[in-house]
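Residue strings, one per chain:
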Amino acid sequence: MYLIILGPPGAGKGTQSVLLAKLLSIKHLSTGEILRKAVTDGTSLGLKAKAVMDAGNLVSDDIMIGIIKEAISANDAKRGFILDGFPRTLKQAIELDSIMIELGYDGLKVINIAIDDDELVRRMLGRGRVDDTEETIKNRLRVYKDQTAPVREHYMQKSAVFDIYGKGNISEINSKIISLLKGK
Ligand code: AMP
C-alpha cells in the first residue's frame, strides 16, 4: 500500500504514520526526520537545511525530490510506504506522480488530517523541538496554508483522499484511518 499523510504541522502525522507503518507492514518515511538526522550528523545536506528549518521555511524542491526518489526506490519501500511530510508543494506532488509511474507503483492513497489552528499551536509548543518556537510555528502554519494546502486539491482530482478530523484519542483516530483505508 502506498500512502501519503497530509496535514498541518502538529496534526499528528508523525504519530499516526508510525502506527500505520507498523500495522500495515510498510516503510515509514519522514522527510523531517531525514533532515533532522542530516543536521545532527553534520552532512552537507544538514548544513544546507538547518537555517531553513530553523526559520520554518521549506527546503528546496530539488533537494527534497532527490531524497524521496532515492528513499522510495529502495528495496524496503517497494512493498509499500507512508510518506510523512512529503509532498509539501505542488511541484513535489507532480514529481512524485512521475516517479511513481517510473517505478511502476500504483494506487496511491492520501490521508488528510484536519485540525484547528489553536490546537496545533498548543501541541507544537508542547513538543519542544528546536523549530517549535512561537515565531517559527506561525511561519510554518503560513507556509502550510500557502504551499501545502494546494497539494490536497491536486490529489482530490486524481487519487483517493480520506479526510480525518485529527483531534482526540490517538488510537481512535488510528482506527478511523484504518477503517477508511479498508473501505468500511
Ligand atoms: P516536519 O518534521 O515534517 O515538520 O519537517 C520539519 C522541517 O523540515 C519543515 O519545517 C521544513 O523546513 C523541512 N521539510 C520537511 N519535509 C519537507 C518537504 N517535503 N519539503 C520542504 N521542506 C521540508
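In case you missed it, the structure is sitting above this.
A few points on the structure. Values in this document were obtained by computation on a predicted structure and should not be read as measured data.

Description of the overall build of the protein chain
When helices and strands are counted, the protein chain shows eight helices and five strands. Listing the helices and strands of the protein chain from first to last along the sequence gives β-α-β-α-α-α-β-α-β-α-α-β-α. A compact globule built from 184 residues should have a C-alpha radius of gyration of about 16 Å, and the protein chain, at 16 Å, falls within 12% of that. Summarising its shape, the C-alpha atoms of the protein chain cover approximately 40 × 35 × 30 Å along the three principal directions. By sequence separation, contacts in the protein chain at least 24 residues apart represent 75% of the contacts at least 6 residues apart. Here the protein chain displays about 9400 Å² of accessible surface, and carbon together with sulfur accounts for 54% of that area. Between the centroid of the 27 positive side chains of the protein chain and the centroid of its 24 negative side chains there is a distance of 4 Å.

Quick look at the site of the ligand
If you check the shell around the ligand, you find 16 residues, and the closest are T31, R36, N57, G85 and Q92. Separating a nitrogen atom of the ligand from a side-chain N or O atom of T31 is a distance of 2.8 Å. Between the ligand and V59 there is a distance of 3.1 Å, counted from a nitrogen atom to a backbone nitrogen or oxygen. Considered on its own, the ligand offers 490 Å² of accessible surface; in the complex 96% of this is hidden by protein. Placement of the ligand is best described as lying within the largest pocket. Considering every element that reaches the shell around the ligand, the biggest residue donor is helix 2 (residues 31-41), with four residues.

Some details on helix 7 (residues 134-156)
The end-to-end C-alpha distance of helix 7, which contains 23 residues, comes to 32 Å, matching closely the 33 Å that a straight helix rising 1.5 Å per residue would cover. Along helix 7, the largest kink reaches about 45 degrees and is centred on K145. Residues of helix 7 that are buried include every one of T136, I137, N139, R140, L141, V143, Y144, T148, V151, H154 and Y155, and no others. Buried-residue contacts for helix 7 involve strand 1 (2-6), helix 3 (44-54), helix 5 (90-103), strand 4 (108-114), helix 6 (117-127) and strand 5 (160-165).

Structural notes on the nonpolar core
Across soluble globular proteins, you tend to see nonpolar side chains buried next to one another. Membership of the largest hydrophobic core comes to 28 residues, with the highest contact counts inside it found for I4, I72, F81, L83, L96, M100 and Y155. Among the elements of the structure, strand 1, helix 3, helix 4 (61-73), strand 3 (81-84), helix 5, strand 4 and helix 7 are those that each provide at least two residues to this core. Of all the elements, helix 4 adds the most residues to this core, at six residues. The next biggest cluster of nonpolar side chains, apart from the first, holds 20 residues, and it includes I5, I111, L141 and F162.

Basis of the calculations
- Each chain has its residues counted from 1, running along the sequence as written.
- Thresholds applied to this predicted model are a pLDDT of at least 70 for local features of residues and 80 or more for the giving and counting of side-chain atom pairs; totals over whole chains, interfaces and linings are not thresholded and use all residues.
- No hydrogens and no water enter the side-chain calculation; it runs on all heavy atoms of the structure.
- Elements are defined by DSSP. Helices are runs of H or I of four residues or more, strands are runs of E of two residues or more, and each kind is numbered from the N terminus.
- Atoms counted for the radius of gyration: C-alpha only. Globule rule: 2.2 Å times residue count to the power 0.38.
- The contact rule is simple, with two residues in contact once any of their heavy atoms fall within 4.5 Å.
- In these tables, accessible area is a Shrake-Rupley quantity obtained with a 1.4 Å probe, and a residue counts as shielded only by the protein chains included in the view.
- All tallies of charge rest on Lys and Arg as positive and Asp and Glu as negative; His and the ends of each chain are not included.
- Charge placement uses NZ in Lys and CZ in Arg. For Asp and Glu, CG and CD serve respectively.
- One heavy atom suffices: a residue is near a molecule or strand as soon as one of its heavy atoms comes within 4 Å of it.
- Whenever two N or O atoms come within 3.5 Å, that pair is a polar contact, provided that in protein one can donate a hydrogen and the other can accept it, and provided that, for residues adjacent in sequence, both atoms are side-chain atoms.
- Using a grid of 1 Å spacing that covers the protein atoms alone, one calls a set of points a cavity when a 1.4 Å probe fits there but cannot get out, and a pocket when the set is open and has protein on both sides within 12 Å along at least five of seven lines; lining residues are those with an atom within 4 Å of a point.
- For this analysis, a molecule is said to be in a pocket or cavity if more than half of its atoms are within 2 Å of the grid points defining it.
- Helix span, expected: 1.5 Å multiplied by one less than the number of residues in the helix.
- Note that bend, as reported per residue, equals the angle between axes fitted to the 7 residues terminating at that residue and the 7 residues originating from it.
- The buried label goes to any residue with under 20% of its type's maximum accessible area, the exposed label to any with over 50%, and the partly exposed label to all in between, with areas taken from a 1.4 Å probe on protein chains only.
- Nonpolar cores were defined as sets of buried Ala, Val, Leu, Ile, Met, Phe, Trp, Tyr and Cys residues, with membership established by side-chain atoms within 4.5 Å.

That's the geometry; what it means functionally is another story.
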